Structure formats: C-alpha cells, structure tokens
Amino acid sequence: DAGVTQSPTHLIKTRGQQVTLRCSPISGHKSVSWYQQVLGQGPQFIFQYYEKEERGRGNFPDRFSARQFPNYSSELNVNALLLGDSALYLCASSLWTWEITGELFFGEGSRLTVL
Amino acid sequence: EDKVVQSPLSLVVHEGDTVTLNCSYEVTNFRSLLWYKQEKKAPTFLFMLTSSGIEKKSGRLSSILDKKELSSILNITATQTGDSAIYLCAVGEGGGSNYKLTFGKGTLLTVNP
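Since the model is a prediction, treat every value here as computed from it, not as a measurement.

Our next topic: the sheet that holds strand β1 (residues 5–7) of chain A. All names here are of chain A. In spatial order, the strands read β1-β3-β8-β7; together these 4 strands make up an open sheet with antiparallel pairing. At either end of the open sheet lies a strand with only one pairing partner, and these are β1 and β7 (64–68). Going from strand to strand, the sheet's axes swing by 15° on average, the running direction of each strand aside. Bridge count between β1 and strand β3 (residues 19–24): 3 bridges; the pairing is antiparallel.

Structure (structure tokens):
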C-alpha cells in the first residue's frame, strides 16, 4: 500500500514568489495535516483538514493557506515567499481516530528553498 | 516560550550503551504525549502515552509518562547504529477538531560502532 505521497520533493523559489505543495494521504485516511520543519527544529503545526474542512490552524501568517479536495488530497499554498519560509514541509495523514491511537503517518516532505 | 522541551539536544554514544532521552511539557489541555523517530525526512511513530497508558515498551525501546512532573523519558537499551536518528517528542492538546500536536526540537542521537 502506498504511504503518504508529497510533491514536489525539492523546489527552489525566489522571494516574493508563490508555491503550491501537494499531498496524497494513505487510502482511507480522511484527515490531513501540514507541518513546517525548519532545520534544527521540530515540526510546527500549520493546518489540519478533515472531511474537506479546516479543523485547526497554527500560528502562521495569512500567506499560508490550504485546502482539501473531495478525494482527500490536499494542497498547501504559500504566497509572497520570504527567506524564512525555507523549510521541509511535511504532510501527515490519519484516520479520524488518530487522537486516540496516535498513529499519524508522515510523508517524506517537500524541501523548499527560498533565495 | 517553548511548550515542549527536549534534552539533551544531541548525544553521542557507542553501540551497546543505554540512553535516556527527556521531554518536559507545559500545555493547558494535555491529552497525550507521543514519541517519533526521524531518520531522514518522514518521522515515524514510536509510542503514545496518555493518562490511561503511562508506560509503553517495544523491544529495546521503552517510555514512561510522569504526569505529576509533566515529563516523559524514552529509554533505548543496547543501542545499535540503526538507532541513530532525531527523536521527537510531541504533546497532543485540545480535543476533537481542535486536537493538535506540538513538537519539541528533538534529540539527535548518534550511535557509533
């Protein structure tokens, strides 16, 4: 069975540009979360979506937005990129019961470099 | 200020050693504490500890939650080079649709042969 897949794996952008990152959850998983991991730090929560609705938002500016599609895949958009947005962006999928089981499955991430 | 603090930030040991990684937390609506292992990119789930399950063990790894001290430890016995990774502690807070994980910075463990 395929795990969580993310694309692209690596990308380079310049300041002020916009980026879209994509995530396909494990089949059957309806919840998708996005995390930002800056080098040397733990992942920071950005968004959670469940059944196509936003269920949680971390402390990130409005330049960050996301959505979940009817097939439960998700996109993370970042506008007006800053140098500080350079990070590994992780997507995680789960069953709705992950709060009980703790089983959050992460993808390999998208490494974004902003020059 | 950091809600989840891990220590040490890095640790170098030799194969066969036993290591103890620490995690302390301060959140208002604690639900669970989770440990993940991050070798390259994708963190992989190790344990989840809650009020109803404060001790977990799997092979050479074990973890204990101390709700009174607001902390947890992750023990790894008879370490192997394959244990080299970043170990992340995360605290689950809130509930239902507001449930989210807050991660610490991680402990970088290096096991030398």
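Our focus in this paragraph is the side chain of A:R63. By the secondary structure assignment, A:R63 is in the loop between β6 (53–57) and β7. In this structure, A:R63 is in contact with A:N77, A:V78, A:N79, A:A80, A:L81, A:L82 and A:D85, ignoring residues within four places of it in sequence.

Here the structure, examined in full by the defined rule, presents 2 disulfides over all chains. Here A:C23 connects covalently by a disulfide to A:C91, the sulfurs 1.8 Å from one another. Because the torsion about its S-S bond is -65°, the bridge between A:C23 and A:C91 counts as left-handed. With A:C23 in strand β3 and A:C91 in strand β9 (residues 87–94), the pair connects residues that are 68 residues apart, well separated along the chain. In this pair, the class of A:C23 matches that of A:C91, namely buried. What pairs with B:C23 in a disulfide is B:C89, and their sulfur atoms sit 1.9 Å apart. Taking the sign of the torsion about the S-S bond as the criterion, the disulfide between B:C23 and B:C89, at about -65°, is left-handed. Of the two residues, B:C23 sits in strand β3 (residues 19–25) while B:C89 sits in strand β9 (residues 85–93), which places them 66 residues apart along the sequence. Relative accessible area serves as the criterion here: at 2%, B:C23 is assigned to the buried category.

What counts, and where the lines are drawn
- Residues numbered from 1 in each chain as written.
- Chains lettered and ligands numbered in written order.
- Predicted model: local features only at pLDDT ≥ 70, side-chain atom pairs only at ≥ 80, totals over all residues.
- Heavy atoms only, no water.
- Pairing = 2+ DSSP bridges.
- Helix = DSSP H or I, 4+ residues; strand = E, 2+ residues; numbered from the N terminus.
- Axes fitted to C-alpha atoms, helices over the stretch in contact; angles between N-to-C directions.
- Contact = heavy atoms within 4.5 Å.
- Disulfide = S-S within 2.5 Å.
- Buried < 20%, exposed > 50% of the residue type's maximum accessible area, 1.4 Å probe, protein only.

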